[in-house]
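# Residue-level structural notes
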Amino acid sequence: MKIEFIVNGMKCDGCVNRIKNVLSSIRGIKSYDISLENKKLVVDVKKEKVINEIIKKVEDLGFTLEKC
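Residues numbered from 1 in each chain as written. Predicted model: local features only at pLDDT ≥ 70, side-chain atom pairs only at ≥ 80, totals over all residues. Heavy atoms only, no water.

## Some thoughts on the pattern of salt bridges
To be explicit about the condition: Salt bridges are identified by distance alone: a Lys or Arg side-chain nitrogen within 4 Å of an Asp or Glu carboxyl oxygen. Here a strand is any run of E in DSSP of at least two residues, a helix any run of H or I of at least four, and the numbering for each starts at the N terminus. Think of it in three bands: with a 1.4 Å probe and only protein chains considered, a residue is buried below 20% of the maximum accessible area for its type, exposed above 50%, and partly exposed in between.
Tallied over the entire structure, the rule returns three salt bridges. The salt bridge partner of Glu 53 is Lys 57, with a shortest N-O separation of 3.3 Å. Placement of the pair is Glu 53 and Lys 57 together in helix H2 (residues 50–60), with a separation of four residues, close to one helical turn. By relative accessible area, Glu 53 is classed as partly exposed at 33%. Here Lys 56 ties to Asp 60 by a salt bridge, and the two come within 2.9 Å at their closest N and O atoms. One end of the pair is Lys 56 and the other is Asp 60, both in helix H2 and four residues apart, which spans about a single turn. Since its relative accessible area comes to 55%, Asp 60 is described here as exposed.

## Comments concerning the nonpolar core
Quick reminder of the rule: Residues belong to a common nonpolar core when they are buried Ala, Val, Leu, Ile, Met, Phe, Trp, Tyr or Cys residues joined through side-chain atoms within 4.5 Å.
Grouped together as the largest cluster of nonpolar side chains are 21 residues, with contacts concentrated most on Met 10, Ile 19, Leu 23, Ile 29, Val 45 and Ile 54. Listing elements by their share of this core, those giving two or more residues are strand E1 (2–8), helix H1 (13–24), strand E2 (29–35), strand E3 (40–45) and H2. The element contributing the most residues to this core is H1, with five residues.

## Concerning the pairing of E3
Put simply, the test is: Two strands make a pair as long as DSSP finds a minimum of two bridges between them.
Pairing between E1 and E3: five bridges, direction antiparallel. Looking across to E3, one finds that Lys 2 is bridged to Asp 44. Of the strand pairs in this sheet, E2 and E3 are connected by six bridges, and their pairing is antiparallel. What sits directly across from Tyr 32, in E3, is Val 43.

## Details of the sheet that holds strand E4 (residues 64–67)
Strand pairing in a sheet relies on backbone hydrogen bonds, with the paired strands running either antiparallel or parallel. Rules: Note on geometry: axes are lines fitted to C-alpha atoms, helical ones only across the stretch in contact, with angles between N-to-C directions running from 0 to 180 degrees.
Pairing is antiparallel across the open sheet formed by four strands, whose spatial order is E2-E3-E1-E4. In this open sheet, the two edge strands, each paired with only one partner strand, are E2 and E4. Adjacent strand axes in the sheet meet at a mean angle of 25 degrees when their direction is disregarded. Note: E1 against E4, four bridges, orientation antiparallel.

Structure below.
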């Protein structure tokens, strides 16, 4: 199940790396792709319940996510 988000507040490669570090620690994510240029995050999850954890952890870093 793939979900697309717009990531607000992402300004540099450091931001991308902080998000990647958080995503790599979450169980249930099959894969993800993040684009600084497009401000997009595409996440492929095993179960829908993982989505709330993704949103919470990324927003705890100071970013906001909007579903596309």
